[in-house]
Amino acid sequence: AGTDYESQPVKFPSNFLLGTATAAYQIEGAWNASDKGESTWDRFTHLKDGHIIDNSTGDVAALSYYKYKEDIGIMKNLGFKSYRFSISWPRILPNGFANKISKDGVQYYHNLIDELLKNDIEPMLTLYHWDHPQVLEEAGGWLNSEMVEWFADYARVVYREFAPKVKKFIPINEPSIVCKGGYSYGTYAPGKTLHGIGEYMCVHNVIKAHAKAYRIYETEFKSYGGQVGFLLNLFAYMPKNPAEDEEASKISFEFQAGWTMHPIYSKEGDYPPIMKSLVANKSSEQGFSRSRLPTFTDDEIKYIRGTSDFLAINHYTARLVTAGSMGEVPSHDNDQGIIELVDKSWKGSGVSWLKIVPEGFRYILRQLASNYGNPPMYVVENGVADLGLPEDDDRISYYREYLKQMLLAIYTDGVNIRGYYVWTLLDDFEWEKGYSLRFGIVSVDYNSPNRTRTLKKSASWWRNVIATGKIDQ
Ligand code: PNW
């Protein structure tokens, strides 16, 4: 409010890091190259049982396993200074466990990282972007607390190999999204629908796994001088009616952000008090003998608190919230006592959940900063889907308007944001949506065996933004 269009800041701060982000399963292909093990997403897509809209798989995807040099060349050409990518866990640990390390798998990521460094592109490494070894899922996956140890063993292998070259690590991509998709809705691998139980158990173990991966770096690898950050996905949850729905918006924030942020970033640690009481009340109303929200021991609370050197956030869209009831009974969605709505005036995109609400971006950046002591932050995913147009003017205006809101958060609100990553470089495998929609600034021709890349208009737009250090009006 009070800032007119002309006076909005358009220049990035100096040393602001601009990059692009991808994830292994969504672009690599080469699903069974060399001795790679089967991942949960390999298993899930191979079922071809309608879970994936076009019954497609990531078997070949964008072939980035073979074309990484070309992809890095594109980033270099566009001027990006950093690349966030993920490692496929079963590619480097084919058995799931650390008793066997794949030489070829490890070599692939060394080649990728070396090529980035040669081109002055800073690697940001995500250890787990949803594709865990299927064999570990057979043993319970994120519902088994042993998964914390298996992940810790994997993290140690990753650090041992790559800590000399990589200075920013993110253990886990979006705990709440992967746990709800995989263990509550069943829309993601492994497709379990234990709503009200599964998503809480999964997040509980994921938080512990994150913390352990952080502590391992801290005690065994800190001499390399790198950092380990916590990543969450967060929509903006804005009150439907500002006069009445402030409480609803606070509850939403605690259930989405607080669920994982409070244990790691608050002074007291543990889950947010309001979440503990709401889930406990619902559970008892429903006849459960204890809360469906698991509990941390005092030692665990201490161990988890403070396990993040930077906050990484993925942001796409917003919701309006008001008191009400949604979701399956029981479920994390339902426990909140909230309904989420979208404003009719919000523009849609190529995917139904993603409405275009630039002001929501500033809203959550400010909210995160003020709730958790304004930690150093990186926005490590932001972008929009369409149905595949080379003249992607809507994508350009999405980036333009969202970036302006981020700059307002930086300059006007003082939010400590250090970098921003475009989701995504290449048209990719979009999980349950397969290849039916496109998020890339570079198109991939899925009809050509070679997966030919072509720059979209938004890629050229980004080249200009990076070269000039500012957003065009
Ligand atoms: C992110 N939602 O996930 C993921 O990190 C990416 O792998 C993915 O490709 C990207 O968003 C775009 O879809 C989300 O439905 C997926 O709320 C879905 C939701 C949120 C985040």
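Just above, that's the structure.
Caption draft 1: Inspection of the site of the ligand at higher detail. Around the ligand there are 17 residues in total, and Gln26, His129, Glu381, Glu430 and Trp431 lie nearest to it. At a separation of 3.0 Å, an oxygen atom of the ligand approaches a polar side-chain atom of Asn173. One can see that the ligand is located within the largest pocket. Classifying every residue of the shell around the ligand gives 9 nonpolar, 5 polar and 3 charged.

Caption draft 2: Representation of helix H10 (residues 246-265) in the model. The terminal C-alpha atoms of H10, which comprises 20 residues, lie only 23 Å apart, well short of the 28 Å expected from a rise of 1.5 Å per residue. Along its length, H10 shows its largest kink, about 70°, at Gly258. Taking burial as the measure, the 20 residues of H10 include 17 buried ones, the bulk of the element.

Caption draft 3: Representation of the sheet that holds strand S2 (residues 82-86) in the model. What the 9 strands build is an open sheet, ordered S5-S4-S3-S2-S1-S12-S11-S8-S6; its pairing is parallel. What marks the edges here is a single partner per strand, and that holds for strand S5 (227-228) and strand S6 (230-233). By the bridge criterion, 5 bridges tie S2 to strand S3 (residues 122-128) in an arrangement that is parallel. Bridged to Phe85 within S3 is Leu125.

Caption draft 4: Molecular detail of the sheet that holds strand S9 (residues 318-323). Pairing is mixed in the open sheet, where 3 strands are placed in the order S7-S9-S10. The open sheet has two edge strands, strand S7 (236-239) and strand S10 (338-341), and neither has a second partner. Recorded for the sheet is a direction-independent mean angle of 40° between the axes of neighbouring strands.

Caption draft 5: Representation of the environment of Glu244 in the model. With respect to the element layout, Glu244 can be found in the loop between S7 and H10. Take Glu244: its relative accessible area is 61%, and that puts it in the exposed class. Separated by 78 residues in sequence, Glu244 and Thr322 place their C-alpha atoms 8.2 Å apart.

Caption draft 6: The arrangement of the layout of surface pockets in detail. Its boundaries defined by the atoms lining it, the largest pocket holds a volume of some 880 Å³. Together, 32 residues line the largest pocket, and Ile177, Tyr185, Tyr188, Phe235 and Trp353 are the ones closest to its centre. A per-element tally of the lining of the largest pocket places helix H8 (residues 175-185) first, with 5 residues. Among the residues making up the lining of the largest pocket, the classes are represented as 15 nonpolar, 8 polar and 9 charged.

Conventions used here
Counting starts from 1 at the beginning of each chain's written sequence and moves along it residue by residue. Under the rules for a predicted model, residues below a pLDDT of 70 receive no local features and side-chain atom pairs below 80 are neither given nor counted, while totals for whole chains, interfaces and linings still include all residues. Water and hydrogen atoms play no part in the side-chain values, which are based on all heavy atoms of the structure. Distances are taken per atom, and a residue is near a molecule or strand as soon as one of its heavy atoms is within 4 Å of it. Any pair of N or O atoms that falls within 3.5 Å is considered a polar contact. Within protein, one atom must be able to donate a hydrogen and the other to accept it, and sequence-neighbouring residues count only if both atoms are side-chain atoms. A cavity here means a set of 1 Å grid points, computed over protein atoms only, where a 1.4 Å probe fits but cannot escape. A pocket is an open set with protein on both sides within 12 Å along at least 5 of 7 lines, and lining residues have an atom within 4 Å of a point. A cavity or pocket is said to hold a molecule if more than half of that molecule's atoms lie within 2 Å of its grid points. We call Asp, Glu, Lys and Arg charged. Ala, Val, Leu, Ile, Met, Phe, Trp, Tyr, Cys and Pro are nonpolar, and the rest, Gly among them, are polar. Runs of E in the DSSP output that reach at least two residues are strands. Runs of H or I that reach at least four are helices, and both are numbered from the N terminus. Here the expected length of a helix is defined as 1.5 Å per residue gap, with one fewer gap than residues. A residue's bend is the angle separating two fitted axes: one through the seven residues that end there, the other through the seven that start there. Think of it in three bands: with a 1.4 Å probe and only protein chains considered, a residue is buried below 20% of the maximum accessible area for its type, exposed above 50%, and partly exposed in between. Pairs of strands are assigned from DSSP output, requiring at least two bridges between the strands. Here the axes come from fitting lines to C-alpha atoms, over the contacting stretch only for helices, and the angles between their N-to-C directions go from 0 to 180 degrees. Grid points are joined across faces, edges and corners, and a volume is the space filled by probe spheres set on the points.

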